[in-house]
Amino acid sequence: MSVFNQQLYFEAHEVLEQIWLPQRSGPDGAFYKGLIQLAGAFVHLQKNRVGPAASLLRLAQGNLKEYPEIHHSLKLTAVLEMIEQWREKLESKAVPVDIFSIGPFPKLALLVET
């Protein structure tokens, strides 16, 4: 998650894709695909491509919502809430959006078991 949190979304996409490819048909396939789509959405946002970003956020939401509240130490309820907030921001704008004016880029945090 560190590359995502450093706003290196293309690199996060590449790392996640390497994890996803061997297990894309397995039980975690949609989970990693959703995270790839999430990273891809922010690649588009960095290039100020609002439409494709919103589309990828919708796809990510669809893939991630099927998993439990916490999956692989990632609190998906928080991730899904963040996706919904960004979608609302992007989809509510009738004019082109300056993504830097709608809030800081998100960070993902893994839960640490104690």
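Residues numbered from 1 in each chain as written. Predicted model: local features only at pLDDT ≥ 70, side-chain atom pairs only at ≥ 80, totals over all residues. Heavy atoms only, no water.

Undergrad: Looking at this structure, I do not really get the overall build of the protein chain. What am I missing?
TA: Tallying secondary structure elements over the protein chain gives 5 helices and 2 strands in all. The helix and strand sequence of the protein chain, counted from the amino end, reads α-α-α-α-β-β-α. Intrachain contacts of the protein chain at a sequence separation of at least 6 include 61% that bridge at least 24 residues. Here the protein chain displays about 6,600 Å² of accessible surface, and carbon together with sulfur accounts for 55% of that area. (Helix = DSSP H or I, 4+ residues; strand = E, 2+ residues; numbered from the N terminus. Contact = heavy atoms within 4.5 Å. Areas by Shrake-Rupley, 256 points an atom, 1.4 Å probe, with all protein chains shown as cover.)

Undergrad: Explain unusual backbone geometry to me, please; I cannot follow it from the model alone.
TA: Backbone geometry follows two general trends: most residues other than glycine have a negative phi, and most peptide bonds adopt the trans configuration. Phi at histidine 72 is positive, roughly 50°, even though this residue is not glycine. Inspection of the secondary structure assignment puts histidine 72 in the loop between β1 (70-71) and β2 (74-75).

Undergrad: Please clarify how the packing of aromatic side chains should be interpreted in this entry.
TA: Two measures describe an aromatic ring pair: the distance that separates the ring centres and the angle between the ring planes. Tallied over the entire structure, the rule returns 6 aromatic pairs. By way of ring pairs, the aromatic residues Phe4, Tyr9, Phe42 and Trp86 are connected into one cluster. Residue placement shows lysine 89 over the ring face of tryptophan 86; its charged tip is 5.1 Å from the ring centre. (Phe/Tyr/Trp six-rings, centres within 6.5 Å; stacked < 30°, edge-to-face > 60°. Lys NZ or Arg CZ within 6 Å of the ring centre and 35° of its normal.)

Undergrad: Could you clarify how one ought to interpret the packing of helix α4 (residues 50-64) against helix α5 (residues 76-91) in this entry?
TA: Between two packed helices, the angle of one axis relative to the other and the distance separating the axes together describe the packing. Between α4 and α5, whose axes approach to 10 Å, the crossing angle comes to 150°. Here α4 is positioned roughly antiparallel relative to α5, judged by the angle of their axes. The crossing of α4 and α5 is left-handed. Between α4 and α5, the contacting residues are Val50, Ala53, Ala54, Leu57, Arg58, Ala60, Gln61 and Leu64 on the first element and Leu76, Val79, Leu80, Ile83, Glu84, Trp86, Arg87, Leu90 and Glu91 on the second. (Axes fitted to C-alpha atoms, helices over the stretch in contact; angles between N-to-C directions. Parallel < 35°, antiparallel > 145°, perpendicular 65-115°, else oblique. Left-handed = near helix turned anticlockwise from the far one by under 90°.)

Undergrad: What is the right way to look at the packing of helix α3 (residues 29-46) against α5 in this model?
TA: The geometry of α3 relative to α5 is characterised by a closest axis approach of 13 Å and an angle of 35° between their N-to-C directions. α3 and α5 meet at a crossing whose hand is left-handed. Residue-level contacts link Phe31, Leu38, Phe42 and Leu45 of α3 to Leu76, Val79, Met82, Ile83, Trp86 and Leu90 of α5. Class assignment of the residues belonging to the contact of α3 with α5 gives a composition of 10 nonpolar, no polar and no charged. (Nonpolar A, V, L, I, M, F, W, Y, C, P; charged D, E, K, R; others polar.)

Undergrad: What should I look at first to understand the nonpolar core in this one?
TA: Across soluble globular proteins, nonpolar side chains show a tendency to be buried alongside one another. Among the nonpolar cores identified, the biggest contains 31 residues, and Phe31, Leu38, Phe42, Leu57, Leu64, Val79 and Ile83 are the most heavily contacted of them. Of all elements in the fold, only α2 (9-20), α3, α4 and α5 reach the threshold of two or more residues within this core. (Core = buried A, V, L, I, M, F, W, Y, C linked by side-chain atoms within 4.5 Å. Buried < 20%, exposed > 50% of the residue type's maximum accessible area, 1.4 Å probe, protein only.)

Undergrad: In this structure, what is going on with the pattern of salt bridges? I would like to understand it.
TA: Note that side chains of opposite charge can pair when their charged atoms are close. Evaluation of the coordinates by the stated rule reveals 3 salt bridges. Between arginine 58 and glutamate 91 there is a salt bridge; the shortest N-O distance is 2.3 Å. One end of the pair, arginine 58, is in helix α4; the other, glutamate 91, is in helix α5, and 33 residues separate them in sequence. Here glutamate 91 falls in the partly exposed class, since its relative accessible area comes to 40%. Put simply, arginine 87 and glutamate 91 hold a salt bridge, and the shortest N to O gap is 3.4 Å. Residue arginine 87 and its partner glutamate 91 are both found in helix α5; the two are separated by 4 residues, about one turn of the helix. Of the residues examined, arginine 87 reaches a relative accessible area of 14% and is grouped as buried. (Salt bridge = Lys/Arg side-chain N within 4 Å of Asp/Glu carboxyl O.)

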